[in-house]
Amino acid sequence: MAVAPRLFGGLCFRFRDQNPEVAVEGRLPISHSCVGCRGERTAMATVAANPAAAAAAVAAAAAVAEDKEPQHEELPGLDSQWRQIENGESGRERPLRAGESWFLVEKHWYKQWEAYVQGGDQDSSTFPGCINNATLFQDEINWRLKEGLVEGEDYVLLPAAAWHDMVSWYGLEHGQPPIERKVIELPNIQKVEVYPVELLLVRHNDLGKSHTVQFSHTDSIGLVLRTARERFLVEPQEDTRLWAKNSEGSLDRLYDTHITVLDAALETGQLIIMETRKKDGTWPSAQLHVMNNNMSEEDEDFKGQPGICGLTNLGNTCFMNSALQCLSNVPQLTEYFLNNCYLEELNFRNPLGMKGEIAEAYADLVKQAWSGHHRSIVPHVFKNKVGHFASQFLGYQQHDSQELLSFLLDGLHEDLNRVKKKEYVELCDAAGRPDQEVAQEAWQNHKRRNDSVIVDTFHGLFKSTLVCPDCGNVSVTFDPFCYLSVPLPISHKRVLEVFFIPMDPRRKPEQHRLVVPKKGKISDLCVALSKHTGISPERMMVADVFSHRFYKLYQLEEPLSSILDRDDIFVYEVSGRIEAIEGSREDIVVPVYLRERTPARDYNNSYYGLMLFGHPLLVSVPRDRFTWEGLYNVLMYRLSRYVTKPNSDDEDDGDEKEDDEEDKDDVPGPSTGGSLRDPEPEQAGPSSGVTNRCPFLLDNCLGTSQWPPRRRRKQLFTLQTVNSNGTSDRTTSPEEVHAQPYIAIDWEPEMKKRYYDEVEAEGYVKHDCVGYVMKKAPVRLQECIELFTTVETLEKENPWYCPSCKQHQLATKKLDLWMLPEILIIHLKRFSYTKFSREKLDTLVEFPIRDLDFSEFVIQPQNDSNPELYKYDLIAVSNHYGGMRDGHYTTFACNKDSGQWHYFDDNSVSPVNENQIESKAAYVLFYQRQDVARRLLSPTGSSGAPASPACSSPPSSEFMDVN
């Protein structure tokens, strides 16, 4: 008898009575909360064996279903379930999309479900029951996930649609929350965020009471702020802002509410403090010591001179400190911030700016430095701001102070730009119009888009003239500038130190200092050395020696730029060549290494236990003596200055001992990994791994690759062919040996100690030229400016498109100064970059402290009645000490109030004399126009009374020697 289909557990079952041809079908309902899921599963297991019990179970389930009246969808078959969960459009195989929800399912339960649906038997004992994620939680109170869960091992991920299908089919364990996680988009990847960021939210006036809230990495800081306001029941009219406590214990403002938690670098467990503005409009952080991360306890009662304040080095941030100190001592810019003029001009909506954050951070630094209450401050917040908006300054690598200065001036300009909406301005060529008209138009167009205190203070105007080399078309434009990057006159010579190794063994190696052309060739080095030694350049070979071996053998046509200053260059006198030519009568030049046998546990490798020492040699060997015996004699002659020949008594003693050893081992072979038994004299040498042909000549003159084959008289060392690294690896093929004509002199430790004089071998003499120092004549700053305004031809990488020729041309270009700013920044281009080298020019540039006259460089018609418009006084210098790879930045600056010069070295500040300012370290110069200084001195020009930089200096006994 057929039983009406009923729902049970969201599954469809077929029951049969005593007549196997009569079927009972039904779907048995169950609540999605899976209350009593395990008991119902047990009853269901009983159904197949007892039809009566099955009917009772069906009736009971029907009663429950009727009471709850659940709405059920048609349950798909097991195959359909598998396809829908695994491969369907909403299944596990679908791609991740940012913002979507995915759910975690415990891996063991999911594997049970896989076995169930793949088995194809709905009555199987593998039925998984309700979804149970209990093993994924730390506890069942807060339902926090365990740490370190791994996808594929502890859990699987289901998209939202697949999860909801699973719950509708099987239910979820009672009381368990679904584990929902969002897909977030990280750089170059999308992933499910299994572990969100847990932040501790507190109020500034109640730091002991916190709320732990989870946020996604992609949630905005604005959401964090809104959540904090909701948790702390803040009134809508109250202003709030957030601070984040960092790992150092200091607090950072979260200015931008639009950035994400990831971009703000917030981490789980981090304390977020919500600060509420007081009724008087001030922020409580102004009185909270914990909020002020730039003040130390010892500074609370300190009162010093404003502006005389150091900056702590946060780790390779001296470049930033130097630029900040220079800018801080620009009088009109500092007054602008101290008087809060910037508050009215902050531009938060400029897409080219930093939403005012750079300007606010710089203003905080200026106010603290000029408050007179700090000996030094920690520019941590400012450093974070710079790194946030300019990724090249992230981290704690050394950078260029001029590059930081360029970024800072541009950032301040855009944050303080009075132009809220920039209009499109078309650049116009002069087209034959008068310069005065074109220049005025260009400046007005510039001011239509750029109008700030930075433009007022630092911007000037160039005249740029381009001339086409083909048609002669002249293009004249006027362009604004913020600083001048002037080149230094570069010497076309360089000094190289080399060691000359003469062929005469009685002469020691000589150290020479040679002046050679920077763009010369190796042959130029040989010619220069020939003038000192009298040896023809054709008899010289140049090598780079490193770690007792030849790193490189140079050809005469190679450029000298391939030799670095740190390289050890040896020049050998030779009488032949390395490349042996059949039929030639020239001597053969053989590279020779020195090796010493050292104790070793085993000799699995042929060269194991042999150590290179001393300087390698290039030895000229006559062809008629190019045998092992002849080579040994030639080397004994070349080493005779520091290798002692054994006397007759030594030879007799050696013969007796060696005769006994010859019965056991005829060939010692220190690098062969073993010995050869009873070889013929002409066939002595290793039995495999090297060629039997001479690697240097085509007439097989040596016959073997090691020597001596049989000891008939005392020999101080053995000889063996090796590769260019000085090793005799037995895996070396004959072709490789043939292509690398190198010989190794192998010494036994006792023989080396007895006959080899290491002190004499390392000895050398210094030629008179070593004392020569190529003097670098100092240059005047005016010479650098003249070089800056010199006509130059554009490089191939940067051609100019001629509108007349309709093609790119290598035009000639000339820059002239048309209008100068109030503060003129001059950047000395000390760092030189070429294809083969990078160097720092330490030329002394002589620059005046006062009365730098630009009247001869400005081509605009001048006002003769006011010469102060073209004269400048120095107010600050950024210094760089050291080289390309390492260095340190400091600052000289003149205080606007006292007129006294000080030396700023990170958090240290010392007064200095004016005669200490000019040095080879000067890198960026700050000059103030004299008419501006006079204006600031007037009672209406400034709130204070800044003194002239030309004021006298205090007694020298108080000064710090910085040179």
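Residues numbered from 1 in each chain as written. Predicted model: local features only at pLDDT ≥ 70, side-chain atom pairs only at ≥ 80, totals over all residues. Heavy atoms only, no water.

- The name an unreviewed UniProt entry assigns to the protein is Ubiquitin carboxyl-terminal hydrolase, from the organism Pongo abelii.
- What the UniProt record of the protein gives under Function (unreviewed entry) is the line "Deubiquitinating enzyme that removes conjugated ubiquitin from specific proteins to regulate different cellular processes."
- The record in UniProt for the protein states the following under Catalytic activity (unreviewed entry): "Thiol-dependent hydrolysis of ester, thioester, amide, peptide and isopeptide bonds formed by the C-terminal Gly of ubiquitin (a 76-residue protein attached to proteins as an intracellular targeting signal)." (UniProt positions renumbered as here; feature names shortened; annotations may be inferred.)

### A few points about the overall build of the protein
Here's step 1: What the protein contains, in helices and strands, is 21 helices and 43 strands.
Here's step 2: Scored against the burial criterion, the 963 residues of the protein give a buried share of 48%.
Here's step 3: Carbon and sulfur atoms make up 49% of the accessible area of the protein, which totals about 47,700 Å². (Helix = DSSP H or I, 4+ residues; strand = E, 2+ residues; numbered from the N terminus. Buried < 20%, exposed > 50% of the residue type's maximum accessible area, 1.4 Å probe, protein only. Areas by Shrake-Rupley, 256 points an atom, 1.4 Å probe, with all protein chains shown as cover.)

### Regarding the pairing of strand β5 (residues 180–186)
Here's step 1: With three bridges joining them, strand β3 (residues 101–106) and β5 adopt antiparallel strand pairing. Bridged to Trp 102 within β5 is Arg 181.
Here's step 2: Counting the residues in the hairpin turn of β5 and strand β6 (residues 189–192) gives two residues, including Asn 188, whose phi is positive at 70 degrees. (Pairing = 2+ DSSP bridges.)

### Describing unusual backbone geometry
Here's step 1: The phi torsion at His 548 lies on the positive side, around 65 degrees, for a residue other than glycine.
Here's step 2: Tracing the backbone shows His 548 in the loop between β19 (540–546) and β20 (549–553).
Here's step 3: Look at His 548 and you get partly exposed, because its relative accessible area is 35%.
Here's step 4: Within the chain, Asp 851 stands out as a residue other than glycine whose phi angle is a positive 60 degrees.
Here's step 5: Within the element layout of this structure, Asp 851 appears in the loop between β37 (845–846) and β38 (852–853).
Here's step 6: Taking the relative accessible area as the measure of exposure, Asp 851 reaches 44% and is therefore partly exposed.

### What about the sheet that holds β6?
Sheets are built from strands that pair by backbone hydrogen bonding, the pairs being arranged parallel or antiparallel.
Here's step 1: Read across the sheet, four strands follow the order β4-β3-β5-β6 without closing on themselves; strand pairing throughout is antiparallel. Of all the strands in the sheet, just β4 (155–159) and β6 have a single pairing partner and so form its edges. In this sheet, neighbouring strand axes are inclined to one another by 35 degrees on average, regardless of whether the strands run parallel or antiparallel. (Axes fitted to C-alpha atoms, helices over the stretch in contact; angles between N-to-C directions.)

### Considerations on helix α4 (residues 107–119)
Here's step 1: The first and last C-alpha atoms of α4 sit 18 Å apart over 13 residues, in line with the 18 Å expected at 1.5 Å per residue.
Here's step 2: Every buried residue of α4 is listed here: Trp 109, Tyr 110, Trp 113, Glu 114, Tyr 116 and Val 117. End-on, the buried residues of α4 take up no more than an arc of 165 degrees, which puts them together on one face. Exposed residues pointing more than 90 degrees away from the buried face of α4 are listed as His 108, Gln 118 and Gly 119. (Expected span 1.5 Å × (residues − 1). Arc of directions from axis to C-beta.)

### Details of the nonpolar core
Here's step 1: Core analysis: the largest hydrophobic core is formed by 52 residues, its most contacted members being Leu 327, Phe 337, Tyr 362, Phe 458 and Phe 926.
Here's step 2: Ranked by residues supplied to this core, first place goes to helix α9 (residues 357–369) with eight residues.
Here's step 3: Core analysis: the second largest hydrophobic core is formed by 37 residues, Val 486, Tyr 872, Trp 901 and Tyr 903 among them. (Core = buried A, V, L, I, M, F, W, Y, C linked by side-chain atoms within 4.5 Å.)

### A look at the packing of aromatic side chains
Here's step 1: All told, the structure shown has 32 aromatic pairs when counted by the stated rule.
Here's step 2: Aromatic rings pair up to connect Phe 499, Phe 550, Phe 570, Tyr 572, Tyr 593, Tyr 742 and Tyr 764 into one cluster.
Here's step 3: Above the plane of the ring of Tyr 396 lies Lys 383, whose end atom (NZ or CZ) is 4.6 Å from the centre.
Here's step 4: The ring of Phe 613 carries the charged tip of Lys 752 above its face, separated from the ring centre by 4.7 Å. (Phe/Tyr/Trp six-rings, centres within 6.5 Å; stacked < 30°, edge-to-face > 60°. Lys NZ or Arg CZ within 6 Å of the ring centre and 35° of its normal.)

### Some points on the sheet that holds strand β15 (residues 474–481)
Here's step 1: Here we have four strands laid out as an open sheet, ordered β15-β14-β33-β30, and antiparallel in their pairing. This sheet does not close on itself; its edge strands, each paired only once, are β15 and β30 (792–793).
Here's step 2: Along the sheet, helix α12 (residues 435–449) contacts β14 (460–467), β15 and β33 (812–819); its crossing angle with β15, the most-contacted strand, is approximately 40 degrees. (Contact = heavy atoms within 4.5 Å.)

### Let's talk about the confidence of the model for the protein
Here's step 1: On average, residues of the protein carry a pLDDT of 77, and 76% of them reach 70 or more.
Here's step 2: Every residue in residues 654–701 scores below 50 in pLDDT, and together they form 103 contacts with partners more than four places removed in sequence or on other chains. (pLDDT = per-residue confidence, 0-100.)

### Comments concerning the packing of helix α3 (residues 78–87) against α4
Here's step 1: Taken N-terminus to C-terminus, the directions of α3 and α4 make an angle of 135 degrees; their axes are 8 Å apart at the nearest point. Here α3 lies oblique to α4, going by the angle between them. Between α3 and α4, the contacting residues are Leu 78, Asp 79, Gln 81, Trp 82, Ile 85 and Glu 86 on the first element and Tyr 110, Trp 113, Glu 114, Tyr 116, Val 117 and Gln 118 on the second.
Here's step 2: Broken down by class, the residue content of the contact of α3 with α4 amounts to seven nonpolar, two polar and three charged. (Parallel < 35°, antiparallel > 145°, perpendicular 65-115°, else oblique. Nonpolar A, V, L, I, M, F, W, Y, C, P; charged D, E, K, R; others polar.)

### Things to note about the state of the cysteines
Here's step 1: Across all of its chains, the model carries zero disulfides by this definition.
Here's step 2: Sulfur of Cys 468: no disulfide; nearest cysteine sulfur belongs to Cys 805 and is 3.6 Å away.
Here's step 3: The exposure class assigned to Cys 468 is buried, which follows from its relative accessible area of 2%. (Disulfide = S-S within 2.5 Å.)

### What about the pairing of strand β16 (residues 484–487)?
Consecutive side chains of a regular strand alternate in pointing toward one face of the sheet and then the other.
Here's step 1: Residues Leu 484 and Val 486 point to one face of β16 and are all buried, whereas Ser 485 and Pro 487, pointing to the other face, are not buried.
Here's step 2: Both β16 and strand β34 (residues 823–829) contribute to a ladder of four bridges, which runs parallel. Note that in β34 the partner of Pro 487 across the bridge is Lys 829.

### Overview of a negative patch on the surface
Here's step 1: Together, Glu 783, Glu 786, Glu 846, Glu 856 and Glu 918 make up a negatively charged patch on the protein surface.
Here's step 2: Counting through the fold element by element, Glu 786 comes out in helix α20 (residues 781–788).
Here's step 3: Residue Glu 786 is classed as partly exposed on the basis of its relative accessible area, which comes to 39%. (Patch = residues over 30% accessible without salt bridge, like charges linked within 9 Å, V, L, I, M, F, W, Y side chains within 5 Å. Salt bridge = Lys/Arg side-chain N within 4 Å of Asp/Glu carboxyl O. Lys, Arg positive; Asp, Glu negative; His and termini not counted. Charge placed at Lys NZ, Arg CZ, Asp CG, Glu CD.)

### Looking at helix α5 (residues 160–170)
Here's step 1: Where α5 is concerned, the buried positions are Ala 162, Trp 163, Asp 165, Met 166, Val 167, Trp 169 and Tyr 170.
Here's step 2: One or two residues past the end of α5 sits Gly 171, with phi positive at roughly 80 degrees.

### Some details on the pattern of salt bridges
Side chains that differ in sign of charge can pair as their charged atoms come close.
Here's step 1: The final tally for this structure, using the stated rule, is 36 salt bridges.
Here's step 2: Two residues, Glu 510 and Arg 507, come together in a salt bridge whose shortest N-O distance is 2.7 Å.
Here's step 3: Accessibility expressed as a relative area gives 13% for Glu 510, which makes it buried.
Here's step 4: The class for Arg 507 is partly exposed, based on a relative accessible area of 32%.
Here's step 5: The shortest N-O distance in the salt bridge between Glu 822 and Arg 935 comes to 3.6 Å. Pair noted here: Glu 822 is in the loop between β33 and β34 and Arg 935 is in helix α21 (residues 930–937), with a separation of 113 residues, a long-range link.
Here's step 6: Judged by relative accessible area, Arg 935 falls into the partly exposed class, the value being 38%.
Here's step 7: A single salt-bridge network, built from bridges that share partners, covers Glu 345, Arg 418, Lys 447, Asp 451 and Asp 456.

### As for the side chain of Asn 347
Here's step 1: Residue placement: Asn 347 occurs in the loop between α8 (331–338) and α9.
Here's step 2: When sequence neighbours within four positions are dropped, the list of residues in contact with Asn 347 reads Lys 355, Gly 356, Glu 414, Asp 415, Asn 417, Val 419 and Lys 420.

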